[in-house]
Amino acid sequence: KDYDTVRIGVDIPYVPMEYRQPDGTLAGFDIDLGNALCEQAKLKCNWVIQGWDGIIPGLQARKFDAIMSSMTINDDRKKQILFSDPYMTPPSAWFTPEKSTLETPDKASLKGMNIGVQRGTVQDNYVTDMFGDEASIKRYATADDVAVDMEAGRLDIAFLDYPTGKAALVDSKDGKFKTVGDMLTEPKKYFGEGFGIAFRKRDRELADTFNKALAELKSNGTYNSLYSKYFPDGNTH
Amino acid sequence: MADTSIPLEINHLHKSFNGNPVLNGLSLKAQKGDVITLIGASGSGKSTFLRCMNLLEMPDQGELIVHGEAIGFKVDRKGQRQPEDWKQVERIRARLSMVFQNFNLWPHMTLIENVMAAPVHVLKMPKAQAREKGMALLKRVGLSERASYFPTQMSGGQQQRGAIARALAMDPEVMLFDEPTSALDPELVGDVLHVMHELADEGRTMIVVTHEMDFARDVSNHVMFLHQGLIEEQGAPGDILTSPRSERLQQFLAPRY
Amino acid sequence: MADTSIPLEINHLHKSFNGNPVLNGLSLKAQKGDVITLIGASGSGKSTFLRCMNLLEMPDQGELIVHGEAIGFKVDRKGQRQPEDWKQVERIRARLSMVFQNFNLWPHMTLIENVMAAPVHVLKMPKAQAREKGMALLKRVGLSERASYFPTQMSGGQQQRGAIARALAMDPEVMLFDEPTSALDPELVGDVLHVMHELADEGRTMIVVTHEMDFARDVSNHVMFLHQGLIEEQGAPGDILTSPRSERLQQFLAPRY
Amino acid sequence: MLDLHGYGPRLLEGSLLTLELALLSLLLAVLLGLLSASAKLSSSRILRGIAHVYTLVIRGVPDLVLMLLLFYGGQIGINMATDWIYNEFDVDIFININAFVAGVVTIGIIFGAYMSETFRGAFLAVDEGLLEAGRAYGMRPWAVFRHIRFPLMMRHALPGLGNNWMVLLKTTALVSIIGLSDMVKVAAEATKATHEPFLFMIPVALGYLLIASVSEWCFMKLRQRFDIGFSSGGSSWNN
Amino acid sequence: MNGNDIFTPNTFEMYWSGLVNTVHLVFVSLVIGLIIAVPLAIARGSSNLWIRKPVWFFTYLFRGTPLLIQLYLAYYGFAFIPGIQDTWLWFFLEDPIYPALLAFTLNTAAYTTEIFHGAIQSTPRGEIEAARAYGMNRFTMLRRIVLPSAFRRALPAYGNEVIFMLHASAIAFVVSITDLTGAAYYIYARFYAPFAAFLFVAVLYMALSFSIQGLFKYLEKRLLGHLKPQS
Ligand SMILES: Nc1ncnc2c1ncn2[C@@H]1O[C@H](COP(=O)(O)OP(=O)(O)OP(=O)(O)O)[C@@H](O)[C@H]1O
Ligand SMILES: Nc1ncnc2c1ncn2[C@@H]1O[C@H](COP(=O)(O)OP(=O)(O)OP(=O)(O)O)[C@@H](O)[C@H]1O
Ligand SMILES: [Mg+2]
Ligand SMILES: [Mg+2]
């Protein structure tokens, strides 16, 4: 099937990747990059706001044709849907309360700790496999819930993707939380290749169009200028 | 062909429940102005017979002719007898008004609303006219000041008289009464019987299931004694109530307490 | 002081509903073995009088003495008359058993459970003993095979006999009956009257509201005729039912239809 | 006053959507409930069977799953049909299930099953003799239902109906998974944007409580309406 | 639907613990909720305004607001009371199960109170008068006559409530409990296979619901048999 118009599903808000500005328009890295990609590929794009619970079913039911909503590519998921090339590789990071003394999260230091993650994310998979036996993993629906429960004292440490964790814990709760240890992008088995645009499996051609446009944007500098607009301290790739 | 001057004719009516025969071929012919009383022991099938007349129970066999119009039946897939035409049944029910043993006044309507309901919803009579007629009927049964009472606010006798007014509102050709006084205090029986007496004097056709032998004797012109789904004996009340021939009827009429 | 040999004595009882007087100073003295019938037109206050006796209605004025024990009353803040001591009321209710017009058997209990409930939960009788006693009573009223039936599975006459057994299970000093047969089909009345007849023969004290004049005549030793909340006439049934003095009673007793 | 960070108007819109959804689904649920309760009491074995399976299955499956299945599963089914048409006849059609309609229909179907049980009990509580009286005067089945059975049944159904409505009202929040922004969804969005998890519960709770107050009042009126002609003997156990 | 990739022993274990959590939550909150609903329903019909109104307000509040908010407040709200973490209460509050039980219990208690209240109110007058006429005191009458009779009449409505509670428990996952729905979300997020994840969990919910509905059918037959005359 040929596309002139592509409907892109997105779950908002997810600062700074996608959110609504006070005037009602959409903004964020995903949104700007998506629009740039469409322009490059000479496609007309419409954004469809869709809650996370229905976003994959919506794609499969053809309520929209692509999802650009900070989705991490990994092997499990590739069996269900088709991903574009990664357009960004955010690391995952550890977050603790400011007064925590924990410095290097590893098997020994995490023993008996309560680790908060977002349910079913790659971070969840990682800590479950690595530390599931030593620590107790508590799974939440949103990063904000992780933040509140860490504030309430039920969590010792959280493991989230960096932009999300930074927005929910570090930026909005002034000085209560900090990042510790190294940020992780490896092993690929867990963290995959980064964020990708999702398509229905049969829409190979559409994915290729987007991949081509992405490569062009990267080489002509548009990508970098968008990137530094949203991530001035540049912690990701 | 059919004699339209006969309000109700029934031939060889049979009815059984779950294979137990209750009525075994009853016939009855009511002429205009007839007052027929059905008497018989409990369980002899009096109510069932009456309920078959306006098809609240479906007879298994037999003919039902109302004012010369025979009711058509068909047998459905399950082997159940059904009326051919429900419209006909509704038409016929509107011409045979029934008065129930427990009155069955609708508790959520006032007395006058009870009386107006059937004319308005069945005969499509304009409301104002139905109300006027209803008030006249209530006056007739001595309840004009109770028109806006709810059934629970009236004594049993008043309720039963209200139920009679409700039945009369349909201008029925035949009135069917199922033990109209047996749920009443003896005090109130008088009121109701008085109204029925007047109806009889007016020349209404009535079929009455009753245990009031005095009423059967004084008011009706024909008494039928049912026993085990058959008419054991029938005739003018003067004859069969004073000198019953069958042993069963003798027994039945013997003082009870 | 008080005469404990008199099961029930009532002096100058008054009762009104919302300012409408219903009872205007009734007195009654029941000796052991008395069978007193209360008769009167509908609305004359018979039920209210009976219900005052075991305080289902609170009398406004008047004295109530059960077996020499006078019931104490006080007036609460709202100006309502209240018993001084609810425990005393419960004790007294346990000694005056009532049989209702609509039986009022508890539908969620089997017949024998109905009969056992009050002895077990009020008199604290051991269950086994209550069951044994209950079965004996059911046998007495001819219901021993129905012990494990639920009320809805029994006919009206059976339910009323069950209700009598339930009342008897309390070994009451006085039994109060409110029109025990008027909700029954005429066929079933006989059964219940038969049981009551037997109770009278045993020397039970009974107070009976009834419309069965035959019963009043044959069984009771005292008849009270109520009219507008007063006792219009009373006396031995032979006297007042055959030769009533007051015009009202004459009218009441005249053949009704 | 509450600082809603500018989300006030959108919350109001969301609450209107919630109310619209709830009222329309209630209407559908009552209709379905009446129909299937009547079916359960009918003499037709097929109708009875259908109605029983309906309540059994719908009350068995979680609401969320039903919503997913009806909206997305339904869409996939339609797509498969249109794809087939496209492949065979080269006609390209896309039939889009409307989210609002799907929400109303799904919630209506779910609560129809609960209403069905509520109404079944209430229908059974109506004295058969009163219905017979209607039939005996030649009333059509519909007239018997409308003038006798329904008003008498409602008295018994109202308490259960009230509970069902309260649950239904909250279940409307499910529509966020099919892309609608009801009151709860807007609040969740606002929470994620402002990172103020508790703040937006206040308007949501107040919104629901307001609707609950109005419905308490309506139910009181309905109770009065359908209690007409009945003397209440209920609370006499405690005096 | 690529069933073999998704349904590994690992995910089955997830579903199993979800099932255990759901059953545990629903069962315990229903039992406790039922127990406290009985006195509340009695108080709800009291002639004393000071008893009746607070109970009404409780049911109004808990029926009027979403369970989700009640759960949030029970789980996060209490944790922010200053100093509470040093008391013995923290032992219960730290584990998400207890706050969830608290919210669920109060919620079902509110609905159940309304159901029982309605049933008690509709006790036929005659049954009560008979009890009084034999000298039963208020407590005995309530215990032996009013409540047993009301419970039976409330059964169908209570059946609805139990199933409501089963479905409502599906929000437990927001406070980090892995109930059945939580397990399904996990599988969804991990594999992006929503239909497989939710359909499987739907089958488990159906099994639970069918058992409940079967139980109530049985109870209705046993306990309500007396309401219908045998012909
Ligand atoms: N719907 C029914 N299903 C099964 N049996 C029935 C039904 N209706 C009536 N019967 C049976 O039919 C017989 C006749 O009943 P019917 O009510 O006609 O008697 P009846 O003469 O009116 O008695 P009564 O004087 O007690 O009213 C009875 O044995 C009764 O059990
Ligand atoms: N709870 C009540 N509230 C108001 N009025 C009442 C109440 N109970 C009885 N009455 C009135 O008191 C009067 C006497 O009623 P009661 O029931 O004692 O009469 P009765 O002699 O038993 O009549 P019946 O033979 O019809 O049973 C009636 O006018 C009735 O309307
Ligand atoms: Mg009969
Ligand atoms: Mg009376």
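Anything mentioned here points back to the structure above.
In this report, we go over the structure that sits alongside the text. (Residues numbered from 1 in each chain as written. Chains lettered and ligands numbered in written order. Predicted model: local features only at pLDDT ≥ 70, side-chain atom pairs only at ≥ 80, totals over all residues. Heavy atoms only, no water.)

1. Quick notes on the overall build of chain E
Selection criterion: Strands here mean DSSP runs of E at least two residues long; helices mean DSSP runs of H or I at least four residues long; both are numbered from the N terminus. Note on classification: 1.4 Å probe, protein chains only; a residue is buried when its accessible area is under 20% of the maximum for its type, exposed when over 50%, partly exposed between these limits. Contacts between residues were defined by any pair of non-hydrogen atoms, one from each residue, lying within 4.5 Å. Reported accessibility uses the Shrake-Rupley method at a 1.4 Å probe radius. Residues are deemed covered only where the shown protein chains occlude them. For this count, His and the chain ends are skipped, Lys and Arg are scored as positive, and Asp and Glu as negative. To locate a charge, take atom NZ for lysine, CZ for arginine, CG for aspartate or CD for glutamate.
Scanning chain E for helices and strands turns up 10 helices and zero strands. From first element to last, N terminus to C terminus, chain E shows the α and β order α-α-α-α-α-α-α-α-α-α. Evaluated residue by residue, chain E yields a buried proportion of 59% over its 231 residues. For chain E, restricting intrachain contacts to residue pairs at least 6 apart in sequence, the fraction spanning at least 24 positions comes to 78%. As presented, chain E carries roughly 9500 Å² of accessible surface, and 69% of it is formed by carbon and sulfur atoms. Computed over 16 positive and 11 negative side-chain charges, the separation of the two mean positions in chain E equals 19 Å.

2. A few points about the arrangement of the chains
Here six pairs of chains are in contact, and chains D and E lead that list by number of contacts. Taking C-alpha atoms only, the smallest gap left between chain A and chain C, which are not in contact, amounts to 49 Å. With no contact formed, the shortest span from any C-alpha in chain C to any C-alpha in chain D equals 10 Å.

3. Comments concerning the interface of chain D and chain B
This is how the line gets drawn: Summed over both partners, the accessible surface that disappears when two parts come together, traced with a 1.4 Å probe, is what is meant by buried area. Any carboxyl oxygen of Asp or Glu within 4 Å of a side-chain nitrogen of Lys or Arg constitutes a salt bridge here. Within 3.5 Å is the distance limit for a polar contact, defined as a pair of N or O atoms, with the added protein rule that one can donate a hydrogen and the other accept it, and that residues adjacent in sequence qualify only through two side-chain atoms. In this count, Pro and Cys sit with the nonpolar residues alongside Ala, Val, Leu, Ile, Met, Phe, Trp and Tyr, while Asp, Glu, Lys and Arg are called charged and the others, Gly among them, polar.
Taken together, the contact between chain D and chain B spans 21 residues of the former and 28 residues of the latter. Each partner contributes to the roughly 2100 Å² buried at the junction of chain D and chain B, and carbon and sulfur atoms together form 62% of this total. Looking only at chain D, the three residues that lose the most surface to chain B are E132(D), A136(D) and Y137(D), adding up to 32% of its buried area. Across the contact surface, chain D and chain B share two salt bridges. R140(D) is the partner of E90(B) in a salt bridge, and the nearest nitrogen-oxygen pair spans 2.6 Å. Counting across the chain D and chain B interface gives seven residue pairs in polar contact (both at pLDDT 80 or more). At the level of secondary structure, the elements contributing two or more residues to the side of chain D that touches chain B comprise α5 (128-136) and α6 (141-171) of chain D. Looking at the side of chain D that touches chain B element by element, the count peaks at seven residues for α5(D). Looking at the side of chain D that touches chain B residue by residue, the classes come out as 11 nonpolar, six polar and four charged.

4. Structural notes on empty space enclosed by the protein
Leftover empty space is mapped by rolling, across the atoms, a probe with the size of a water molecule. Residues and elements named next belong to chain A. In plain terms, the rule: Of the grid points, spaced at 1 Å and generated over the protein atoms alone, those admitting a 1.4 Å probe that cannot get out make up cavities, while open sets with protein on both sides within 12 Å along at least five of seven lines make up pockets; any residue with an atom within 4 Å of a point is treated as lining. Grid points are joined across faces, edges and corners, and a volume is the space filled by probe spheres set on the points.
Scanning the model with the defined rule gives three cavities of 30 Å³ or more in all. Here the second largest cavity defines a volume of roughly 90 Å³. The wall of the second largest cavity is formed by T72, T89, P90, S92, V122, Q123, D161, T185, F191, G192, G194 and F195. Taken together, the residues that form the lining of the second largest cavity break down as four nonpolar, seven polar and one charged.

5. A short note on the site of ligand 1
All names here are of chain B. Here is the rule: One heavy atom suffices: a residue is near a molecule or strand as soon as one of its heavy atoms comes within 4 Å of it.
Residues in close proximity to ligand 1 include F17, V22, A41, S42, G43, S44, G45, K46, S47, T48, E179 and H211, which together make up its full environment. Between G45 and ligand 1, the recorded distance is 3.0 Å, taken from a backbone N or O atom to an oxygen atom. A distance of 2.6 Å separates an oxygen atom of ligand 1 from a polar atom in the side chain of S47. In isolation ligand 1 has 640 Å² of accessible area, and contact with the protein removes 62% of it. Among the elements that line the shell around ligand 1, the one with the most residues is helix α1 (residues 46-53), at three residues. For the shell around ligand 1, a count of residues per class yields three nonpolar, seven polar and two charged.

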